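# Examination of the molecular architecture
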Amino acid sequence: MSMIRIADIAYVRFTAPDLGAMAAFLADFGLTAEIWSDGALYARGAGPAPFVHATALGEPGFAALGLRADSLADLDVLAAAEGVTVEDLRSPGGGRVARLRDPDGRLVEVVAGQTLVDPAPVPGDPPRNTATVRPRRRAPVRLAAGPSRVVRLGHAVLDVSDYRTLGAWYADRFGLIVSDEIEVAPGAPIGAFFRCDRGDDLTDHHTLFLLQSPRGPGFNHAAFEVANVDDLMRGHSHLKTAGRTPAWGVGRHILGSQVFDYWKDPWGHELEHWTDGDLFTAADGSNTADMATLLGVQWGPLHPMMAAAQERRL
Ligand SMILES: [Fe+2]
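What you are looking at is a predicted structure, and each value in this text was computed from that prediction instead of being measured.

Conventions used here
- Residues numbered from 1 in each chain as written.
- Predicted model: local features only at pLDDT ≥ 70, side-chain atom pairs only at ≥ 80, totals over all residues.
- Helix = DSSP H or I, 4+ residues; strand = E, 2+ residues; numbered from the N terminus.
- Rg over C-alpha atoms; globule rule 2.2 N^0.38 Å.
- Contact = placed C-beta atoms within 7 Å.
- Core = buried A, V, L, I, M, F, W, Y, C linked by C-beta atoms within 7 Å.
- Buried ≥ 20, exposed ≤ 12 C-beta atoms within 10 Å, placed from the backbone.
- Arc of directions from axis to C-beta.
- Pairing = 2+ DSSP bridges.
- Axes fitted to C-alpha atoms, helices over the stretch in contact; angles between N-to-C directions.
- pLDDT = per-residue confidence, 0-100.

Next up on the list: the overall build of the chain. A tally of helices and strands in the chain yields six helices and 20 strands. Taking 314 residues into account, the globule formula puts the C-alpha radius of gyration at 20 Å, and the chain, at 19 Å, falls close to it. The dimensions of the chain, computed from C-alpha atoms along their principal axes, are 60 × 50 × 40 Å. Excluding contacts between residues fewer than 6 apart, the proportion of contacts in the chain whose partners are at least 24 apart in sequence is 66%.

This paragraph deals with the nonpolar core. Generally speaking, soluble globular proteins have nonpolar side chains that are buried together. Core analysis: the largest hydrophobic core is formed by 70 residues, its most contacted members being Phe29, Ala43, Ala69, Val110, Phe194 and Leu210. Leave out the neighbours within four places in its chain, and Phe194 touches Tyr170, Ala171, Leu176, Ile177, Val178, Ser179, His206, Thr207, Leu208 and Phe209.

To continue, consider unusual backbone geometry. Going from Gly249 to Val250, the amide bond is cis rather than trans, its omega being 0°. One non-glycine residue, Ser257, lies in the positive phi region at around 65°. Here Ser257 is to be found in the loop between β15 (245-253) and β16 (259-264). On the neighbour-count criterion, Ser257 (15 C-beta atoms within 10 Å) is partly exposed. Even without glycine at this site, Asp276 takes up a positive phi of about 60°. Locating Asp276 in the fold gives a position in the loop between β17 (270-275) and β18 (279-280). The partly exposed category is assigned to Asp276, around which 16 C-beta atoms lie within 10 Å.

Our next topic: helix α2 (residues 72-82). Among the residues of α2, Asp74, Leu75, Leu78 and Ala79 are the ones counted as buried. The buried residues of α2 occupy an angular sector of 135° when the element is viewed end-on, so they sit on one face. Contact partners of the buried residues in α2: β6 (86-88), β7 (96-101), β8 (107-112) and α3 (163-174). Backbone geometry just downstream of α2 places Gly83 in the positive-phi region, at approximately 70°.

Within the secondary structure, Val259 sits in strand β16. By the C-beta count within 10 Å, which is 22 here, Val259 ends up buried. Spatially, the C-alpha atoms of Val259 and Asp276 are 6.3 Å apart, while their sequence positions differ by 17 residues.

Among the structural elements, Thr288 can be located in strand β19 (residues 287-290). Between the C-alpha atom of Thr288 and that of Thr85, which follows or precedes it by 203 residues, the distance is 37 Å. When residues no more than four places from it in sequence are discounted, the contact partners of Thr288 are Asp180, Glu181 and Glu183.

Next up on the list: the pairing of β8. As defined by bridge partners, strand β5 (residues 61-68) adjoins β8 across four bridges and the pair is classed as parallel. Paired with Gly66 across the bridge in β8 is Glu109. For β7 and β8, the ladder comprises six bridges, and the chain directions are antiparallel. Residue Val97 lies in a different strand from β8, and its bridge partner there is Val111. In textbook terms, the turn of a hairpin is the stretch between consecutive antiparallel strands, and for β7 and β8 this stretch comprises five residues, one of which, Gly105, has a positive phi near 90°.

Our next topic: the sheet that holds strand β13 (residues 208-212). Here ten strands make up an open sheet; going across it, the order is β19-β10-β11-β13-β9-β14-β17-β16-β15-β20 and the pairing mixed. At either end of the open sheet lies a strand with only one pairing partner, and these are β19 and β20 (297-299). Put simply, the sheet's adjacent strands are angled 30° from each other on average, direction ignored. The sheet contact formed by β15 and β20 spans two bridges and is antiparallel. The partner of His253 across the bridge, within β20, is Val297. Along the sheet, helix α4 (residues 229-241) makes contact with β14 (218-226), β15, β16 and β17, crossing β16 at roughly 25°.

Averaged over all residues, the pLDDT of the chain equals 97, while 100% of them reach at least 70. Ranking the elements of the chain by mean pLDDT puts helix α6 (residues 304-313) last, at 86, and strand β4 (residues 53-57) first, at 99.

With that settled, consider the pairing of strand β11 (residues 188-195). Summarising burial for β11: six of the eight residues are buried, a large majority. Of the strand pairs in this sheet, strand β10 (residues 177-185) and β11 are connected by seven bridges, and their pairing is antiparallel. Bridge pairing in β11 links Glu181 to Ala192. Here β10 folds back onto β11 in antiparallel fashion, the turn holding two residues, of which Gly187 has a positive phi close to 80°.

Now the structure itself:
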């Protein structure tokens with residue numbers, strides 16, 4: 001039994017030396033950012049979360065992972081088990097927070113009781129004509145150019161020093177379920193996609209992915225759900241035109257199935273746009289997969305690491 005079962009990821013926190021430059025990047029990425037009374041930059045999407053990305057002034061780096069607990073009572077349970085106190089969360093939306101350090105020393109903020117904001121309108125996915133089904137009749141497609149409509153933060157990927165230790169630490173505290181465990185050889189796992197335990201309710205294939213990395217512990221990327229495939233492609237064109245730095249995409253992952261598009265912020269932190277990901281319940285079990293499946297695509301460019309390896313072989 002885990003201490004609590006978290007509901008979802010809440011936010012990612014960074015530090016950066018130029019909040020104006022971060023705000024401009026986030027605007028191109030499709031988030032609305034503004035400086036709050038504490039002097040930090042907080043960005044939100046079209047969903048109800050008061051913020052999903054925060055940046056305080058400082059040397060560029062990843063500062064904290066925010067997870068959302070189901071209730072204030074759960075925060076108390078977690079805090080008592082961990083020997084920490086529950087404090088006021090002094091960020092947009094308020095609420096309460098229990099701050100933990102994972103075995104790699106990373107700050108994990110578990111929050112509850114935030115005041116949600118009114119969601120902004122999100123474009124729907126108009127009917128699509130295919131070769132066999134033609135529901136869009138006598139109506140053209142017209143899309144305005146502009147950034148993607150980011151709706152919510154969907155997952156974070158963390159590089160960890162030791163997968164077994166870190167995987168157990170997160171699963172034991174937050175009730176995470178392995179969706180796919182990544183093995184370098186049979187019986188030798190080095191990472192896993194974890195989903196939240198929401199019982200019979202559907203949840204994303206992964207809310208957290210931990211990967212043992214030769215680089216040691218660090219931030220890998222954070223991934224934001226956009227309105228739909230057209231919206232993701234609109235955002236791709238916008239970021240490209242704005243001269244932003246692409247990292248990988250557009251493609252469709254194998255594990256999680258989502259259509260993805262990775263970009264770098266001005267300091268090299270990777271942020272992903274995604275849409276059309278898998279949804280599972282707690283009963284849907286766990287699988288294992290190899291590195292080729294992890295890095296492989298159903299369509300789209302090779303992962304940069306695989307592309308470099310192929311280049312070396314030529
Ligand atoms: Fe991702």
